[in-house]
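Okay, here's what each chain looks like letter by letter:
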Amino acid sequence: MNEVSRDRDPAFGDKLAANVRKKPVLVAVDLGAESCRVSLLRWIEGQPEIRLIHRFANSARNEGTGLRWDVAAIEQGVEEGLRACAQLAPEGIAAIGVDGWAVDYVRLGPGGQPVANPFCYRDPRNVESQNLVHSKISPQRLYELTGVQILTLNTLYQLHADADTEQSLPWINLPEYLLYALGGRRVSEYTNATHTQLLGVHDQKWCPTIFEAAGLDVNAAPPLVNPGTDIGQLQGPLASLPAFRNTRLIAPACHDTASAIAGIPAQGDDWAFISSGTWSLVGCVLDSVCVSEAARSKNFSNEGGVGGRIYFLKNVNGMWLLRQCIEHWRSQGQTWTVEQLVDASANVDAPEGVIDVDDPDLLLPGDMPARISGQRKRSGQAAIPEGAGMAPIMTSLILHSLAARYAAVLQNATSISGKTFNRLYIVGGGSKNGVLNQLTARATGLPVLTGSTESATVGNFAIQLAALEGRYTNDVGVAANAVAEWAAILANQPGDAHALGDTIPVHSVQEIQRPNGKALA
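The notes below deal with the structure included here. Everything numeric here is computed off the predicted structure, so don't read it as measured data.

The first and last C-alpha atoms of helix α2 (residues 71–88) sit 26 Å apart over 18 residues, in line with the 26 Å expected at 1.5 Å per residue. All of the buried residues in α2 are Val71, Ile74, Gly77, Val78, Gly81, Leu82, Cys85 and Ala86. Elements in contact with the buried residues of α2: β1 (26–30), β2 (35–44), β3 (47–57), β6 (95–99), β7 (105–107) and α6 (174–181).

Written out as structure tokens, the structure is:
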């Protein structure tokens, strides 16, 4: 992998080692498509204390030119959180790391400032762009080169959709952009770079074949770095605060799923994972890439992990479905929370049949109850009435469908990779969804162990700590075992969290069939 040399003086490594022995104070920023969080790690009587200091809402908005993120509002929210952290940590903050959702990016002008608000991955422009790219380079060839799941939201299709006049402008993915705005170098961190569908799966470099075929300028892409790379010192107005005078900027696993998996304090090689939230990322950890025809036909991704490992997974639609339903019902004057609906869904009969949660129509915003009912009608199933009074039944359908999809994906992961799973970790916001976790245990036949709801933050901190203590090599970045050790310390547990469904028998899950009769890949 290409790596930029670190910005540090010769004695900096010794200083970092001393700081780790002192158990440094750190900040982790976790960017989310619905909310963003700024968290502070301090050590109280030698024990870690992670506090959520600032949370602020985030959402894409239609600006007339497309569905876009308000990047200035995100920067302002992060700055507010950092200032609050500085007040709480007068002893000084050693480092800041940022993770977030993948694929979206900022184009930079001559002065290094954004030329416009970045597009959201759900903008419909990506559909036409994907078709145009595939007319120039086939999906089969793309998978052979990158090992990445073919999704309309991938950075490749978004970059291709940009205007010709923008193609030479440098770009940077959102988590790395926040580090850049704080004073770091412009980089693309490995785990996030794999989500662009522009990184070679074998050499881990930008793939010139894809750039050329899609008409993209490879010189506009950022230099690549590994997880845990120090990319500079905090600069600007924040650096004048006493707590931030010597603060380093560290690129953790900038993709939030990679940080979330790094936050799982699991030992051994017999476990699978679900990072559950707006999206569900379902899969397992491999030592090397798997780009077999079976992997391609089932559309599995080989995504970058900590310590040079591969996260072999699929993106599955997640709690986005229910949240979109809630938004529609709110427009009708019915107010529900996710927690209320999940509880209510436990008291209704199981649905007859399930929906294809990854139907492209269900990836788009707007009137989700009608979209779900439309799919059921097309597949010959009875539609669910769209009134808000049927909300618990719709919720039950969504949760049963997600569990069935998780089980199907894990069955495919087993058959393709040859790995046997004896336990399933669920982390992220969905880990507290007891109904979905129980349904998942029944559908998969696996004991379900719930980890931290803020596993991405735990992983972010664990990577920073491993980097600061010098557990870093140029080949892969921070060592996976060092990150796991820190994750166990931060999670305040030696290994497993509490188990669900240990005695639930295996439930056979059939492949969902699309309306055209083709099995869901």
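Counting residues in hydrophobic clusters, the biggest one holds 88 residues, and the most contacted among them are Val27, Leu31, Leu82, Ile93 and Tyr121. Here this core gets nine residues from one element, more than from any other, and that element is helix α16 (residues 455–468). Ignoring any residue separated from it by four or fewer positions in sequence, one finds Val27 in contact with Val38, Ser39, Leu40, Leu82, Cys85, Ile93, Ala95, Ile96, Gly97, Phe461 and Gln464. Membership of the second largest hydrophobic core comes to 73 residues, among which are Tyr157, Trp171, Val316 and Met319.

Moving on to the state of the cysteines. Summed over all chains, the structure comprises zero disulfides. Of all cysteine sulfurs, the one in Cys284 lies closest to Cys290, which takes part in no disulfide; the gap is 8.8 Å. The exposure class of Cys290 is buried, given its relative accessible area of 15%.

Moving on, we get to the environment of Asn422. Looking at where Asn422 falls in the secondary structure, it is placed in the loop between α14 (391–417) and β17 (423–427). Note: C-alpha distance between Asn422 and Pro447 (25 residues apart in sequence) is 7.3 Å. In contact with Asn422, not counting residues within four places along its chain, are Asp270, Leu446 and Pro447.

Below, the discussion takes up helix α15 (residues 434–444). Every α-helix winds through 3.6 residues per turn, so residues three or four apart in the chain are directed the same way. Along α15, the positions that sit buried rather than exposed are Leu436, Asn437, Leu439, Thr440, Ala441, Ala443 and Thr444. After α15 finishes, the residue Gly445 shows a positive phi value of roughly 75°.

Throughout the structure, instances matching the rule amount to eleven aromatic pairs. Ring plane angle 70° and centroid distance 6.2 Å describe the contact between Trp43 and Trp486, whose orientation is recorded as edge-to-face. Within this pair, whereas Trp43 is found in strand β2, its partner Trp486 is found in helix α17 (residues 480–490), the two being separated by 443 residues in sequence. Take Trp43 and Trp486: they sit in the same class, and that class is buried. With a centroid separation of 5.8 Å and an interplanar angle of 65°, the aromatic rings of Trp171 and Trp206 are classed as edge-to-face. Of this pair, Trp171 sits in strand β8 (residues 171–173) while Trp206 sits in the loop between α7 (190–193) and α8 (208–214), placing them 35 residues apart in sequence.

Turning next to the pattern of salt bridges. Side chains bearing opposite charge may pair, as long as their charged atoms lie close to each other. A complete count under the given rule lists 21 salt bridges for this structure. Across the pair Arg42 and Glu91 runs a salt bridge whose closest N-O atoms are separated by 3.1 Å. Note that Arg42 is positioned in strand β2 and Glu91 in the loop between α2 and β6, a separation of 49 residues in sequence. Residue Arg42 is classed as partly exposed on the basis of its relative accessible area, which comes to 22%. What makes Glu91 partly exposed here is its relative accessible area of 46%. Across the pair Asp270 and Arg423 runs a salt bridge, and its minimum N-O distance is 2.9 Å. In this pair, Asp270 is assigned in the loop between α9 (256–262) and β13 (271–276) and Arg423 in strand β17, connecting sequence segments 153 residues apart.

Parameters and conventions
Residues numbered from 1 in each chain as written. Predicted model: local features only at pLDDT ≥ 70, side-chain atom pairs only at ≥ 80, totals over all residues. Heavy atoms only, no water. Helix = DSSP H or I, 4+ residues; strand = E, 2+ residues; numbered from the N terminus. Expected span 1.5 Å × (residues − 1). Buried < 20%, exposed > 50% of the residue type's maximum accessible area, 1.4 Å probe, protein only. Contact = heavy atoms within 4.5 Å. Core = buried A, V, L, I, M, F, W, Y, C linked by side-chain atoms within 4.5 Å. Disulfide = S-S within 2.5 Å. Phe/Tyr/Trp six-rings, centres within 6.5 Å; stacked < 30°, edge-to-face > 60°. Salt bridge = Lys/Arg side-chain N within 4 Å of Asp/Glu carboxyl O.

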